[in-house]
Amino acid sequence: MKPILQNLVEMTGHRDHLRLEVSVLSTLQKLSSITEVRALELFTDAGVPYVRPRTWVDNGQLVSTDSEAAADPRREPLDNYPALRGCVDTHGESALASPRKGRYVLWLPVWMHDKVSTCLEITQSRPFSAHKLDVLMGVFQVYQNYQSLLDYSERDALTGLFNRKTFDEQFSRHTMSGLASRTSAANESLVADESPVANEHEPVQQWLAVVDIDHFKQVNDRFGHLYGDEVLILIANILRSSFRSHDRIFRFGGEEFVVLLRSTTLSTAHKVFNRFRLAVQEYNFPQVGRVTVSLGFVCTTKGSPVEILGQADQALYYAKEHGRNQVCFYDDLVANGHLAAKVANDDVELF
């Protein structure tokens, strides 16, 4: 029991979901009779549910991937795991199966906000005893509760989107992982009529967009803050439906949002951002009526995180000062002479 408690202490010392995942698997791996542990990611692609390993044991060491799930060649249809599929469909707490003699598998889905995107898979060489299941469930519940606490601390209370603190912590990691993203992800359609062939010569990159609600102060002044909050919640919902699950959406505070659009081309980024802008423009907000947004975006591969965010901000404010309800790309504005590029010199920015 003492080693388990020591591992639980170590596990709850992490402030990152992936490190916490590695830690709980390390704890479970040390229990007797356990032959394999994995964390599986559950996701949907083109309406079909899939599963892929996200953390697993390789040569005795736990390794993880933060690559795009839809582009992972190791993905399998969830139907290949009938016991797990049934557990997810019935919102169950666990599933057991024995695919062959000497292999007994326990799946523990991690439920967050009535959805499951992660599942722990524990395999051992003999059937799970009642006592062993109690121990495993105890460790898992500590893990799941701590995951919930981390998730709560990462999100904006009003909209449920990731907050500014989470952006600051994650942005550097996402910009680095973007350099190693698979180019095959470009083939994942973001727009219904998009042809991958048309974009085959464009580089796949990562994009950061800053979004601002036009004339939001007038909404609060005219209709009150309750309706203003409702507009923010509805905008957040439109953002969720406009982007993919592996993109990241943040509320910066007030009426400003940030989107990290991963692994796509410039032409597709234009289409996706404008599709979101039109979705807001065409939405009928209760009592308020029509609302529009302005958006500035930039590639995340050039410059430090502070510089990238500053460039997107410049593009946003150009959009707001020149008519609003539009999408502006920073590089285009610089190329056309509408903005002057900043020249970085160590810690001093020269204009």
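Residues numbered from 1 in each chain as written. Predicted model: local features only at pLDDT ≥ 70, side-chain atom pairs only at ≥ 80, totals over all residues. Heavy atoms only, no water.

## Thoughts on the overall build of the protein
Here is step 1 of the chain: Summing up its helical and strand segments, the protein has 10 helices and 14 strands in all.
Here is step 2 of the chain: Residues classed as buried in the protein amount to 47% of the 351 residues present.
Here is step 3 of the chain: Taking contacts inside the protein between residues at least 6 apart in sequence as the whole, the part at least 24 apart equals 61%.
Here is step 4 of the chain: In the form shown here, the protein has an accessible surface area of approximately 17700 Å², with 52% of it arising from carbon and sulfur atoms. (Helix = DSSP H or I, 4+ residues; strand = E, 2+ residues; numbered from the N terminus. Buried < 20%, exposed > 50% of the residue type's maximum accessible area, 1.4 Å probe, protein only. Contact = heavy atoms within 4.5 Å. Areas by Shrake-Rupley, 256 points an atom, 1.4 Å probe, with all protein chains shown as cover.)

## A few points about the pattern of salt bridges
Here is step 1 of the chain: The full count for this structure, using the stated rule, is 20 salt bridges.
Here is step 2 of the chain: In this structure, the salt-bridge partner of R38 is E121, at a minimum N-O distance of 2.7 Å. Separated by 83 residues along the polypeptide, R38 in strand β1 (residues 34-45) and E121 in strand β7 (residues 115-124) bring together distant segments of the chain. The pair R38 / E121 is uniform in exposure class, with both members buried.
Here is step 3 of the chain: The residue D331 makes a salt bridge to K302 at a minimum N-O spacing of 3.6 Å. Here the residue D331 occupies a position in helix α10 (residues 330-335), and K302 occupies one in the loop between β11 (293-299) and α9 (305-321), the gap between them amounting to 29 residues.
Here is step 4 of the chain: For D331, a relative accessible area of 28% gives the class partly exposed.
Here is step 5 of the chain: Look at the salt bridges and you will find they share partners, linking E21, E41, R52, R54, D72 and R74 into a network. (Salt bridge = Lys/Arg side-chain N within 4 Å of Asp/Glu carboxyl O.)

## Some points on the layout of surface pockets
Here is step 1 of the chain: Of the pockets and cavities examined, the second largest pocket occupies roughly 170 Å³.
Here is step 2 of the chain: Along the walls of the second largest pocket sit D214, H215, Q218, V219, R222, F223, V288, R290, V291 and T292, which together make up its complete lining. (1 Å grid on protein atoms, 1.4 Å probe; cavity = no way out; pocket = protein on both sides within 12 Å on 5 of 7 lines; lining within 4 Å. Points joined across faces, edges and corners; volume = space filled by probe spheres on them.)

## A closer look at the sheet that holds strand β12 (residues 327-329)
Here is step 1 of the chain: Spatial strand order, β9-β10-β8-β11-β12: five strands in an open sheet with mixed pairing. Two strands close off the open sheet at either side, each with one partner strand: β9 (248-253) and β12. Strand after strand, the sheet turns through a mean of 20° between neighbouring axes, direction not considered.
Here is step 2 of the chain: With seven bridges connecting them, strand β8 (residues 205-213) and β11 associate as antiparallel partners. By the bridge assignment, A209 is partnered in β11 with F297.
Here is step 3 of the chain: Each of β8, β9, β10 (256-264) and β11 touches helix α7 (residues 225-242); the most contacted strand, β10, lies at about 0° to it.
Here is step 4 of the chain: Sheet strands touched by helix α8 (residues 266-282): β8, β10, β11 and β12. Its angle to β11, the strand with the most contacts, is close to 165°. (Pairing = 2+ DSSP bridges. Axes fitted to C-alpha atoms, helices over the stretch in contact; angles between N-to-C directions.)

## A short note on the pairing of β11
The two faces of a sheet get side chains in turn, since along a regular strand they alternate between them.
Here is step 1 of the chain: A large share of β11 lies buried, amounting to seven of its seven residues.
Here is step 2 of the chain: Burial of β11 is two-sided: the residues V293, L295, F297 and C299 facing one way and the residues S294, G296 and V298 facing the other way are all buried.
Here is step 3 of the chain: Pairing of β11 with β12 involves three bridges; the strand directions are parallel. Each bridged residue has a counterpart across the sheet, and for G296 the counterpart in β12 is C328.
Here is step 4 of the chain: Crossover β11 to β12 through α9 is left-handed. (Right-handed = clockwise from strand over helix to strand, strands pointing away.)

## Considering unusual backbone geometry
Here is step 1 of the chain: Positive phi outside glycine occurs at H91, with the angle close to 60°.
Here is step 2 of the chain: Residue classification places H91 among the partly exposed positions, given a relative accessible area of 40%.
Here is step 3 of the chain: The backbone phi angle of S263 is positive, close to 50°, even though this residue is not glycine.
Here is step 4 of the chain: In this fold, S263 is placed in strand β10.
Here is step 5 of the chain: Residue classification places S263 among the buried residues on the basis of a relative accessible area of 0%.

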